[in-house]
Amino acid sequence: MLVVMKAQATPEEIRAVCAYIAQLGFRAHPLPGAQRTAIGITGNQGEVERGNLEELSGVAEVIRVTKPYKLASRDVKEEDTVVRFPGSGSCPDAAIGGRNLAIIAGPCSIESREQAMAIAEQVAASGAQFFRGGAFKPRTSPYAFQGLGLEALNIMAEIRAKFDLRIVTEAIDNESLDLVAEWADILQIGARNMQNFSLLKRAGRQQKPVLLKRGLSATLEEFLMAAEYVMSEGNYQVILCERGVRTFADHARNTLDLSIIPAVQRLSHLPILVDPSHATGRRDSVLPMARAAIASGADGIIVEVHDHPEKALSDGPQSIYPAQFATMMTELEQIAPVVGRNLPRGSTVNSMAD
Ligand code: PEP
Ligand code: MN
C-alpha cells in the first residue's frame, strides 16, 4: 500500500501517518518527492485496512501497489533516485543518477599498496570520481587469491584521502559487510550474492549506499526484488548494476544485457550502472560496450583498470590499461550530450584545469 500525502501536507502530518502505520504493526517508508511525499507500507501480508488511513489529516489518497516490489517501483516514487555524495574539503560533490554520469574505475582486487596507488593516481588523473577495488573476493576457486581484507580497506582509505576518490568495495558475508560499511563510500553486493537474502537485509540496515550487481541468471523481477530486500530495511540508496548474464554464447565471459536498462527505467526509479568488464571478460570488448551502455541510457560505468594486467591476481584479461581508460573517458564525454547527459571529471582534472 502507498499513502500519497497532499502537496501541502506538513512534516507533522507525515510523522503522524508514519506513527499510525507503525502502531498497526507495519513499517512506514516516507519517500519525499518533488511535488509531494508518499509513504510506502511494508510488513503487511494481506491488504491494509485503508479506511482510517484515508481519514488522517494531510492524506490525499491510499493506493494499492500491485507489483511484488514496492519501494523499488516507479509506482511508489515517480522521480529518478539520485544517490548523492556531498563534497568535503577538496573532494567535490558527486552523484549517481540524474544528469551526471558516474564513472567507477580501479582494479578487480587490491593486490598491494603500490599497485593500488599507481592505478588510483591514473584513474583520478583521467577524471574518475569513484575508485573500485576488491578487498574480499568471491572467487570460483577456493585456491584463487581471496583478497587482502582489512589491509586493502586501509589502502583504499589512503587512496580516498590522497586522490579524492570515493571508494566502492564488495562485501561477501556478514563479517566483511560490517567492515566494508565502516570504511567504504559504497558497499558492493556481487552477482553471486544477489539472492543472499540475509546479506541483503543486513546491507539494508546500514547507512551506506549499496551497489547491487545483477545475478548471473537473474530475471528483472528477481533483480528488483533483491533491491527491495535492501530497501525494505530502510536503506533506499540502492544503485543497480548490469554485469552480464549466462547464455550459450561463448565468445565472451557473459552476455551484456543492455536491454535491461530501459526496462529497469520503466519499472523502477533506481539508478543503473553497467559493468563492461565482467560482462565481456575481454579487454578489447570493454570500450565498445562502455560506449553502448552510455548510449542506451545507463547512469554510468564500473570498469576494471590495471597498469600491469598480465600480472594481475584476478581478472587481468578483462582489465583495461590506464591509457585505454583515458580514451574511454574522452569518448563517453562525447557520447553523453547526445543522450542528454554530462560526464563530470573528478577533482584532479578540475584542479589541473583551474
Ligand atoms: C567484481 O566486481 O570484481 C565482481 C566480482 O563482480 P561480479 O559480482 O559482477 O562478478
Ligand atoms: Mn573482477
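No experiment lies behind these values; they were computed from the predicted model shown.

**Focus: the overall build of the protein**
Helix and strand counts for the protein stand at twelve helices and 14 strands. Scaling as 2.2 N^0.38, a compact globule of 354 residues should have a C-alpha radius of gyration of about 20 Å, and the protein matches this with 21 Å. Counting only C-alpha atoms and orienting by the principal axes, one finds that the protein spans roughly 65 × 50 × 35 Å. Per-residue burial for the protein yields a buried fraction of 54% across its 354 residues. Surface summary for the protein: the accessible area is close to 14,900 Å², and the carbon and sulfur share equals 51%. Side-chain charges of the protein comprise 36 positive and 41 negative groups, with the mean position of each set lying 2 Å from the other.

**Focus on the site of ligand 1**
Around ligand 1, the surrounding shell consists of Cys108, Arg132, Lys137, Glu170, Gln188, Gly190, Ala191, Arg192, Lys213, Arg243, His278 and Glu304. Within the side chain of Glu304, one N or O atom sits 3.4 Å away from an oxygen atom of ligand 1. Summarising the interface, the protein chains cover 97% of the accessible area of ligand 1, which totals 300 Å² for the free molecule. Of the residues that constitute the shell around ligand 1, the class distribution is two nonpolar, three polar and seven charged.

**Topic: the environment of Ser198**
Looking at the secondary structure, you find Ser198 in helix H6 (residues 197-204). Overall, Ser198 belongs to the partly exposed group, its relative accessible area being 47%. In the structure, Ser198 is positioned 25 residues away from Asp173 in sequence and 9.2 Å away in space, judged by C-alpha atoms.

**Thoughts on the side chain of Thr42**
Inspection of the secondary structure assignment puts Thr42 in strand S3 (residues 37-42). A residue is classified by how much of its surface remains accessible, and Thr42, at 13% relative accessible area, is buried. Within the structure, the side chain of Thr42 is placed 2.7 Å from the side chain of His29, a separation counted as a polar contact. Those residues in contact with Thr42 that lie beyond four places of it in its chain are Phe26, Arg27, His29 and Leu71.

**Quick look at the packing of aromatic side chains**
In this structure the tally under the stated criterion is two aromatic pairs. Seen in terms of ring centroids, Phe85 and Phe130 are 5.2 Å apart; in terms of plane orientation they differ by 75 degrees. Their pairing is edge-to-face. Of this pair, Phe85 sits in strand S5 (residues 83-85) while Phe130 is found in strand S8 (residues 130-132), placing the two residues 45 residues apart along the sequence. Each member of the pair Phe85 and Phe130 is classed as buried. Both rings, one in Phe197 and one in Tyr229, keep their centres 4.5 Å apart while their planes meet at 25 degrees; by these two values the pair is stacked. Pair noted here: Phe197 is in helix H6 and Tyr229 is in helix H7 (residues 220-232), with a separation of 32 residues, a long-range link.

**A few points about the coordination of the manganese ion (ligand 2)**
Looking at the metal site, the manganese ion (ligand 2) is ligated by Cys108 (SG), His278 (NE2), Glu304 (OE) and Asp315 (OD), spaced 2.0 to 2.4 Å from it. With a relative accessible area of 8%, His278 lands in the buried category. Using a relative accessible area of 0% as the deciding quantity, one classes Glu304 as buried.

**As for the packing of helix H5 (residues 174-183) against H6**
Running from N to C, H5 and H6 cross one another at 20 degrees; their axes reach a closest spacing of 10 Å. Looking at the two axes, H5 sits roughly parallel to H6. Here H5 and H6 pass one another in a crossing that is right-handed. Taken together, the residues of H6 that come into contact with H5 (itself represented by Asn174, Leu177 and Asp178) are Leu199, Arg202 and Ala203. Among the residues forming the contact of H5 with H6, the class breakdown is three nonpolar, one polar and two charged.

**A closer look at empty space enclosed by the protein**
Taken as a whole and assessed by the stated rule, the structure comprises one cavity of 30 Å³ or more. Estimated volume of the largest cavity: approximately 30 Å³. Surrounding the largest cavity, Arg132, Gly133, Gly134, Lys137, Val168, Thr169, Glu170 and Gln188 form its lining. By residue number, the principal contributor to the lining of the largest cavity is strand S9 (residues 166-170), which donates three residues. Grouping the amino acids of the lining of the largest cavity by side-chain chemistry returns one nonpolar, four polar and three charged.

**A closer look at the nonpolar core**
A general feature of soluble globular proteins is that nonpolar side chains tend to end up buried together. Counting residues in hydrophobic clusters, the biggest one holds 80 residues, and the most contacted among them are Phe131, Ile159, Leu212, Leu240, Ile301, Phe325 and Met328. Here this core gets seven residues from one element, more than from any other, and that element is H7. Setting aside residues no more than four positions away along its own chain, Ile159 makes contact with Ala116, Met117, Ala120, Phe131, Asp164, Leu165 and Ile167. In terms of nonpolar packing, the next biggest core, distinct from the first, is built from 16 residues, Met5, Val17, Cys18 and Val62 among them.

Procedures and definitions
- Residues numbered from 1 in each chain as written.
- Chains lettered and ligands numbered in written order.
- Predicted model: local features only at pLDDT ≥ 70, side-chain atom pairs only at ≥ 80, totals over all residues.
- Heavy atoms only, no water.
- Helix = DSSP H or I, 4+ residues; strand = E, 2+ residues; numbered from the N terminus.
- Rg over C-alpha atoms; globule rule 2.2 N^0.38 Å.
- Buried < 20%, exposed > 50% of the residue type's maximum accessible area, 1.4 Å probe, protein only.
- Areas by Shrake-Rupley, 256 points an atom, 1.4 Å probe, with all protein chains shown as cover.
- Lys, Arg positive; Asp, Glu negative; His and termini not counted.
- Charge placed at Lys NZ, Arg CZ, Asp CG, Glu CD.
- Near = heavy atom within 4 Å.
- Polar contact = N/O pair within 3.5 Å; in protein donor to acceptor, adjacent residues only side chain to side chain.
- Nonpolar A, V, L, I, M, F, W, Y, C, P; charged D, E, K, R; others polar.
- Contact = heavy atoms within 4.5 Å.
- Phe/Tyr/Trp six-rings, centres within 6.5 Å; stacked < 30°, edge-to-face > 60°.
- Donors = N, O, S within 2.8 Å, 3.2 Å for Na, K, Ca; no water.
- Axes fitted to C-alpha atoms, helices over the stretch in contact; angles between N-to-C directions.
- Parallel < 35°, antiparallel > 145°, perpendicular 65-115°, else oblique.
- Left-handed = near helix turned anticlockwise from the far one by under 90°.
- 1 Å grid on protein atoms, 1.4 Å probe; cavity = no way out; pocket = protein on both sides within 12 Å on 5 of 7 lines; lining within 4 Å.
- Points joined across faces, edges and corners; volume = space filled by probe spheres on them.
- Core = buried A, V, L, I, M, F, W, Y, C linked by side-chain atoms within 4.5 Å.

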